[in-house]
Amino acid sequence: STAYRFYVLTDDGEKVELIMDRNLVNHVVWAPSDNGDGPTDTLEQLQQATENWTNIPLRNYRVTDDNVDKVYDDIHIKTRATIPSYTKLVGIDPVLPNWLYNNLENGYWLSSASKSMSFYAWIVQADGTIDTADVSSEDYGIRPVITIYK
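Description of the structure in this document. (Residues numbered from 1 in each chain as written. Predicted model: local features only at pLDDT ≥ 70, side-chain atom pairs only at ≥ 80, totals over all residues. Heavy atoms only, no water.)

1. Notes on the overall build of the protein
Move 1: Of the regular secondary structure elements, the protein holds 2 helices and 10 strands.
Move 2: Reading the helices (α) and strands (β) of the protein from amino to carboxyl end gives β-β-β-α-β-β-α-β-β-β-β-β.
Move 3: The globule rule puts the C-alpha radius of gyration for 150 residues at 15 Å, and the 14 Å found for the protein is close to it.
Move 4: The 150 residues of the protein split such that 45% are buried. (Helix = DSSP H or I, 4+ residues; strand = E, 2+ residues; numbered from the N terminus. Rg over C-alpha atoms; globule rule 2.2 N^0.38 Å. Buried < 20%, exposed > 50% of the residue type's maximum accessible area, 1.4 Å probe, protein only.)

As structure tokens, this is what we get:
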């Protein structure tokens, strides 16, 4: 069995959200063409990569677009992990702590779509900056977030 390291993203007293210290999968697209349907390919790849995590329960995750005027409708998915959002990471600190970008080849996808460019979504780059990238780029990976109830 493989051991993974996670860091605390949030702790609301009832549950803890944890983010892996590295990408679980690299070289995946966010979506095949534009951002109108959300991170469909990323979520599918994450679901496949975590299906054997039997010690992490399946949960009903809701993946949402952070934009006030949503680019895509909420995605409801039963899986063992999800992907982080722009709002969640920037809420920790606008200058990301290095544990959010250590062990990166290029970067990882966030659940958030670009409002101004329909072919772009938000990413965390290997230097810790948050930027946008073409949703069909295979340069980025998936850094899973799990939820554990206390």
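Don't stop here, the text continues.
2. Re the sheet that holds strand β10 (residues 145–149)
Move 1: The 3 strands are arranged β1-β2-β10 in an open sheet whose pairing can be described as antiparallel. The strands lining the two open edges of the sheet, one partner per strand, are β1 (6–11) and β10. Across the sheet, the mean angle separating the axes of adjacent strands is 30° when strand polarity is ignored.
Move 2: Judged from the 5 bridges that link them, strand β2 (residues 15–20) and β10 form a sheet pairing that is antiparallel. Within β10, the residue paired with Val-16 across the bridge is Ile-148. (Pairing = 2+ DSSP bridges. Axes fitted to C-alpha atoms, helices over the stretch in contact; angles between N-to-C directions.)

3. Details of the nonpolar core
Move 1: Counting 27 residues, the largest nonpolar core has Trp-30, Trp-109 and Ile-146 as its most contacted members.
Move 2: The leading source of residues in this core is β2, at 3 residues.
Move 3: Residues Ile-19, Leu-89, Leu-100 and Val-124 belong to the second largest nonpolar core, which totals 11 residues. (Core = buried A, V, L, I, M, F, W, Y, C linked by side-chain atoms within 4.5 Å.)

4. Some words on the pairing of strand β4 (residues 59–63)
Move 1: Taking every second residue as pointing to the same face, the buried face of β4 carries Arg-59, Tyr-61 and Val-63, while none of Asn-60 and Arg-62 on the other face is buried.
Move 2: The sheet contact formed by β4 and strand β5 (residues 75–79) spans 5 bridges and is antiparallel. Residue pairing across strands places Arg-59 opposite Thr-79, the latter belonging to β5.

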